[in-house]
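Inside the fold
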Amino acid sequence: MAAVAGQERRARGRPRPETLGAIPRREGGGAGLSRAFKVLAQSPSSCETSLRKLKFKGKHGSVSADEAARTAPFHLDLWFYFTLQNWVLDFGRPIAMLVFPLEWFPLNKPSVGDYFHMAYNVITPFLLLKLIERSPRTLPRSITYVSIIIFIMGASIHLVGDSVNHRLLFSGYQHHLSVRENPIIKNLKPETLIDSFELLYYYDEYLGHCMWYIPFFLILFMYFSGCFTACKAERWMPGPALLLVAPSGLYYWYLVTEGQIFILFIFTFFAMLALVLHQKRKRLFLDSNGLFLFSSFTLTLLLVALWVAWLWNDPVLRKKYPGVIYVPEPWAFYTLHVSSRH
């Protein structure tokens, strides 16, 4: 009897044939598996589209995996308009002032270059805001808005000072000389008038440039910080972007040399380079927009180095730009070596 009882206990503990290999059931397991199969069935393009619709909820200081997946396409329209208006409205300002007849724009009225500057002060902040809107990364709005406000203030201050300084060219003012050494100013009476012209020069070349260019490069750097992707297909520039690198880099050369902002530019460039190396350790790389901006700045640095090397031994420009950092202005070179021959 004891043996029979032991066999019955072993039979009760032995698994039944119909339950062998069965998967334990859980509540809601079928629904979870079906959702998983639906996700796997999605095409890569739809996955990327859904990732781009995700809302960024992380910190501003880092690039999350969702942000890396939300790579923005190359902004051909914005970069083209940005480069075009920089060349026409900024670089073309003093040229237009010299080309148009003086009778059309008397010396006591705004010149055509001043109207170019007014248009620049409106269009450039608008393009910068549109660029920030298209960033794959959510950027701090407070810093963006304050930077835009300071940018407009600085550009407006520069508008007034630059207008008077360029109008003085028609009276014999020479940009390669300091204010007090200019023939039309050094003999002014009373001498306090010279102080007024130096104040005007300070607003134009120092205060106006600082309030103009510091927020400008800050906004570009903030946008650049979001131009990283883990997708290898987005790590190349399209053909139109390659065509825009040369005019963009050449304009930034003019901006750095004429604006006398080499320290600000080189600080921004090395900050961008450090960010690229830091993100590379996380296997994140520049997308097409970031490559375009970084390539333009690299070309600018090369052009500035060539410009300084070419004018390194110029005694007159050396006297105007003393110190360790020697970066002559193109308009100082023009008044010294070009306009003086005519």
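These figures come from a predicted structure and were not determined experimentally.

**Looking at the overall build of the chain**
A tally of regular secondary structure across the chain gives 13 helices and 2 strands. For the chain, the proportion of its 342 residues judged to be buried stands at 42%. Taking the intrachain contacts of the chain between residues at least 6 apart in sequence as the baseline, contacts between residues at least 24 apart amount to 77%. As displayed, the chain has an accessible area near 19800 Å², and 66% of this comes from carbon and sulfur atoms.

**Let's talk about the nonpolar core**
Formed by 59 residues in total, the largest nonpolar core has its most connected members in Trp79, Phe216, Phe224, Tyr252 and Phe297. Elements with a minimum of two residues in this core: helix 5 (76-99), helix 6 (112-133), helix 7 (141-167), helix 8 (192-224), helix 9 (239-259), helix 10 (262-281), helix 11 (288-310) and helix 13 (330-338). Core analysis: the next-biggest nonpolar cluster, separate from the first, contains 6 residues, Tyr173, Val179, Ile194 and Tyr201 among them.

**Re helix 8**
Between the first and last C-alpha of helix 8 there are 46 Å, a value that for 33 residues agrees with the 48 Å anticipated at 1.5 Å per step. Within helix 8, the axis deviates most sharply at His209, by approximately 40 degrees.

**Points about the UniProt feature "transmembrane region" (unreviewed entry) in the chain**
Sites flagged by UniProt as "transmembrane region" (unreviewed entry) map to residues 78-100, 112-131, 143-161, 206-224, 236-254, 260-278 and 290-312. For residues 143-161, the helix share is 100%, the strand share is 0%, and the end-to-end C-alpha distance is 27 Å. In residues 236-254, the share of helix is 84% and the share of strand is 0%. The end C-alpha atoms are 27 Å apart.

**A look at the pattern of salt bridges**
Evaluation of the coordinates by the stated rule reveals 7 salt bridges. The salt bridge partner of Arg180 is Glu198, with a shortest N-O separation of 2.9 Å. One end of the pair, Arg180, is in the loop between helix 7 and helix 8; the other, Glu198, is in helix 8, with 18 residues separating them in the sequence. Using a relative accessible area of 38% as the deciding quantity, one classes Arg180 as partly exposed. Looking at Glu198, the relative accessible area reads 29%, which means it is partly exposed.

**Regarding the packing of aromatic side chains**
Taken as a whole and judged by the stated rule, the model has 35 aromatic pairs. When the ring centre of Trp312 is taken as origin, the NZ or CZ atom of Arg318, which lies over that ring, is 4.1 Å away. A cation over an aromatic ring shows up here: Arg318 above the ring of Tyr326, its NZ or CZ 4.1 Å from the ring centre.

**Focus: unusual backbone geometry**
Omega for the peptide link from Lys189 to Pro190 comes to -5 degrees, which places this bond in the cis form. Structurally, Pro190 is set in the loop between helix 7 and helix 8. Backbone geometry places Gln260, a non-glycine residue, at a positive phi of 55 degrees.

**Describing the packing of helix 8 against helix 9**
Pairs of packed helices are described in terms of their axes, by the angle between the two and the distance that separates them. Between helix 8 and helix 9, whose axes approach to 11 Å, the crossing angle comes to 145 degrees. Helix 8 and helix 9 meet at a crossing whose hand is left-handed. Touching Glu205, His209, Tyr213, Phe216, Phe217 and Leu220 of helix 8 are Tyr252, Leu255, Glu258 and Gly259, all from helix 9.

**Examining helix 6**
Owing to its 3.6 residues per turn, the α-helix brings residues three or four apart onto one side. In this model, helix 6 (22 residues) spans 32 Å end to end at C-alpha, consistent with the 32 Å of a helix rising 1.5 Å per residue. Along helix 6, the residues classified as buried are Val112, Gly113, Asp114, His117, Tyr120, Asn121, Thr124, Pro125, Leu127, Leu128, Leu131 and Ile132. Along its buried surface, helix 6 packs onto helix 5, helix 7, helix 8 and helix 9.

**Here we look at the confidence of the model for the chain**
The share of residues in the chain with pLDDT of 70 or more is 77%, and the mean pLDDT across the chain is 81. Considering only residues more than four positions removed or in separate chains, one finds that residues 15-63, a stretch of pLDDT under 50, has 27 contacts.

**Side note on the environment of Thr257**
Within the element layout of this structure, Thr257 appears in helix 9. Overall, the relative accessible area of 0% leaves Thr257 in the buried class. Once the C-alpha coordinates of Thr257 and Glu329 are considered, the two residues, 72 residues apart in sequence, prove to be 5.2 Å apart. Separated by 2.8 Å, the side chain of Thr257 and the backbone oxygen of Trp253 make a polar contact.

**Regarding the packing of helix 5 against helix 9**
Contact pair helix 5 / helix 9: the axes reach a minimum separation of 10 Å and the direction vectors enclose 30 degrees. Judged by the sense of rotation from one axis to the other, the crossing of helix 5 with helix 9 is left-handed. Of the residues in helix 9, those touching helix 5 at Leu76, Trp79, Phe80, Phe82, Thr83, Asn86, Trp87, Asp90, Phe91 and Pro94 are Pro240, Leu244, Pro247, Ser248, Leu250, Tyr251, Tyr252, Tyr254 and Leu255. When its residues are assigned to classes, the contact of helix 5 with helix 9 shows 15 nonpolar, 3 polar and 1 charged.

**Digging into the environment of Pro110**
For Pro110, the location among the structural elements is in the loop between helix 5 and helix 6. Along the primary structure Pro110 and Val160 are separated by 50 residues, whereas in three dimensions their C-alpha atoms are 9.6 Å apart. Those residues in contact with Pro110, other than ones at most four positions away along the chain, are Phe105, Tyr115 and Arg167.

**Focus: a nonpolar patch on the surface**
Together, Leu76, Phe80, Tyr81, Leu84 and Val88 give the surface a local cluster of nonpolar side chains, amounting to about 450 Å² of exposed area. Along the chain, the position of Leu84 falls in helix 5. Given a relative accessible area of 43%, Leu84 falls into the partly exposed group.

What counts, and at which threshold
Residues numbered from 1 in each chain as written. Predicted model: local features only at pLDDT ≥ 70, side-chain atom pairs only at ≥ 80, totals over all residues. Heavy atoms only, no water. Helix = DSSP H or I, 4+ residues; strand = E, 2+ residues; numbered from the N terminus. Buried < 20%, exposed > 50% of the residue type's maximum accessible area, 1.4 Å probe, protein only. Contact = heavy atoms within 4.5 Å. Areas by Shrake-Rupley, 256 points an atom, 1.4 Å probe, with all protein chains shown as cover. Core = buried A, V, L, I, M, F, W, Y, C linked by side-chain atoms within 4.5 Å. Expected span 1.5 Å × (residues − 1). Bend = angle between axes of the 7 residues up to and from the residue. UniProt positions renumbered as here; feature names shortened; annotations may be inferred. Salt bridge = Lys/Arg side-chain N within 4 Å of Asp/Glu carboxyl O. Phe/Tyr/Trp six-rings, centres within 6.5 Å; stacked < 30°, edge-to-face > 60°. Lys NZ or Arg CZ within 6 Å of the ring centre and 35° of its normal. Axes fitted to C-alpha atoms, helices over the stretch in contact; angles between N-to-C directions. Left-handed = near helix turned anticlockwise from the far one by under 90°. pLDDT = per-residue confidence, 0-100. Polar contact = N/O pair within 3.5 Å; in protein donor to acceptor, adjacent residues only side chain to side chain. Nonpolar A, V, L, I, M, F, W, Y, C, P; charged D, E, K, R; others polar. Patch = residues over 30% accessible without salt bridge, like charges linked within 9 Å, V, L, I, M, F, W, Y side chains within 5 Å.

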